[in-house]
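# Reading the structure
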Amino acid sequence: MTQPVSSDCRPTPTIEDYLAVMYVMDRDGEEIVAARLAESLEVSAPTVTVTLKRMERDGWIAGEGRRGVRLTEAGLEAARSVIRRHMLTEWMLARMLHVPLSRIHDEAHAIEHSISDEIEARMRSNLDDPHTCPHGNPLPGYEAAAADWLPLTEALNGERGILRRIHETAEANPELMHFLEANQIFPGVQVQVVENLAVNQTVTLAIGERQVTLGFSIARYLFMEKN
């Protein structure tokens, strides 16, 4: 039988990592299954199975099995908390310490678990309660901020806009982030879709006088706001 979680009980860092990934998957309409968790968290399938059983025992998730899992209310609350702490830390690193966009995800991940609720509240206030992280992903409760942004894979030839978002899946990939940064592909930059070739699974962007061609495997994680 699942045990209720105390309101003042914070999960371990490992469990917080699982909850954050589950939250993003659920937010994006994905089924939460062990195979996807193992891929996202870069752990083995047996490790995921053991961890999910522990999480269900402790009341963070329910329904572990063939149909996937769902976050309980306690799990949702904990997931929102760690994601907020992560994103607020990213802003602190970017604004105050000028850490490059390609590095702030990993740096924030090393800090987020140790931030108290009091410090989180102060960060939120001092940073003017941002609705998105520096990569453009919405903080919990502000999903509407990104609702109208279009993945580049769905943009039409000739469409112009401002790149607004690099999805969490992409920002967690340091090699990809370094590539995007080197090619000046980051939130706030003006882009034009030169060619979207579904048959080749590529999108070619014009950024100023330059053109960059991206595979769909990357372009689907980049979102633009059309002009």
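Just so you know, these numbers come straight off a predicted model, no measurement behind them. (Residues numbered from 1 in each chain as written. Predicted model: local features only at pLDDT ≥ 70, side-chain atom pairs only at ≥ 80, totals over all residues. Heavy atoms only, no water.)

### Remarks on the pairing of strand β6 (residues 202–207)
Under the convention used in this document: Three labels apply to residues, based on accessible area from a 1.4 Å probe with only protein chains included: buried if under 20% of the type maximum, exposed if over 50%, partly exposed otherwise in between. In DSSP terms, a helix is any run of H or I states spanning at least four residues, a strand is any run of E spanning at least two, and both are numbered starting from the N terminus. The pairing criterion for strands is at least two bridges between them, as found by DSSP.
Within β6, 6 of the 6 residues are buried, which leaves the element mostly enclosed by the surrounding structure. By the alternation rule, side chains of β6 split into T202, T204 and A206 and V203, L205 and I207, which are all buried. The pairing of strand β5 (residues 190–197) with β6 spans 5 bridges and is classified as antiparallel. Counterpart to V193 in the pairing with β6 is L205. Counted along the chain from β5 to the antiparallel partner β6, the turn is 4 residues long, and its residue Q201 has a positive phi close to 60 degrees. Summarising the sheet, β6 and strand β7 (residues 210–215) pair through 6 bridges and their orientation is antiparallel. When the bridges of β7 are listed, A206 appears paired with Q211. In textbook terms, the turn of a hairpin is the stretch between consecutive antiparallel strands, and for β6 and β7 this stretch comprises 2 residues, one of which, G208, has a positive phi near 65 degrees.

### Focus: unusual backbone geometry
Backbone geometry places D128, a non-glycine residue, at a positive phi of 65 degrees. Secondary-structure assignment places D128 in the loop between α6 (117–126) and β3 (150–151). Its identity is not glycine, yet Q184 carries a phi of approximately 55 degrees, on the positive side. Locating Q184 in the fold gives a position in the loop between α8 (174–182) and β5. Residue Q184 is classed as partly exposed on the basis of its relative accessible area, which comes to 43%.

### Here's the deal with the pattern of salt bridges
Operational definition: Basic side-chain nitrogens of Lys or Arg form a salt bridge, by our definition, when they fall within 4 Å of a carboxyl oxygen of Asp or Glu.
The final tally for this structure, using the stated rule, is 16 salt bridges. A salt bridge links D117 to R10, with the nearest nitrogen and oxygen atoms 3.0 Å apart. Of this pair, D117 sits in helix α6 while R10 sits in the segment before α1 (13–27); the two residues are 107 residues apart in sequence, bridging distant segments of the chain. Between E107 and R103 there is a salt bridge whose closest N-O contact spans 3.2 Å. Of this pair, E107 and R103 both sit in helix α5 (residues 101–111), 4 residues apart, which is roughly one turn of the helix. One network of salt bridges, in which partners are shared, links R10, E16, R84, R85, D117 and E120.

### What about the sheet that holds β5?
Working definition: the strands of a sheet are paired by backbone hydrogen bonds and lie parallel or antiparallel to each other. Across the sheet, 6 strands lie side by side as β3-β8-β4-β5-β6-β7; this open sheet has antiparallel pairing. The sheet is open, and its two borders are formed by β3 and β7, each paired with just one other strand.

### A short note on the domain arrangement of the protein
Let me state the cut-off plainly: Domain borders in the structure are assigned automatically or taken from a domain database. Should any heavy atoms of two residues lie within 4.5 Å, those residues are considered in contact. The term buried area refers to how much accessible surface (probe radius 1.4 Å) is lost by two components on association, counted for both of them together.
Domain boundaries in the protein define domain 1 (1–145) and domain 2 (150–226). Between the C-alpha centres of domain 1 and domain 2 there is a distance of 26 Å. Contacts between domain 1 and domain 2 engage 17 residues on the former and 13 residues on the latter. Between domain 1 and domain 2 the total buried area reaches about 1,200 Å² when both faces are included, carbon and sulfur atoms providing 48% of it. If you sort the residues of domain 1 by the area they bury against domain 2, S102, H135 and N137 come out on top, with a joint share of 42%. At the surface where domain 1 touches domain 2, the tally comes to 1 salt bridge. A salt bridge links E168 to R27; the shortest N-O distance between them is 2.8 Å.

### Description of helix α4 (residues 73–96)
Defined as follows: Under the convention used throughout, the expected extent of a helix is 1.5 Å for every residue step, that is, one less than its residue count.
In a regular helix each residue adds 1.5 Å, so 24 residues correspond to 34 Å; α4 covers 34 Å between its end C-alpha atoms and thus fits that length. Positive phi appears at H98, one or two residues downstream of α4, with a value of about 55 degrees.

### As for the pairing of strand β4 (residues 160–166)
Where β4 lies against β5, 3 bridges are found, and the strand directions are antiparallel. Counted as the bridge partner of G161 is V191 from β5. Relative to strand β8 (residues 222–226), β4 runs antiparallel, the two sharing 5 bridges. Directly across from I162, in β8, lies its bridge partner E225.

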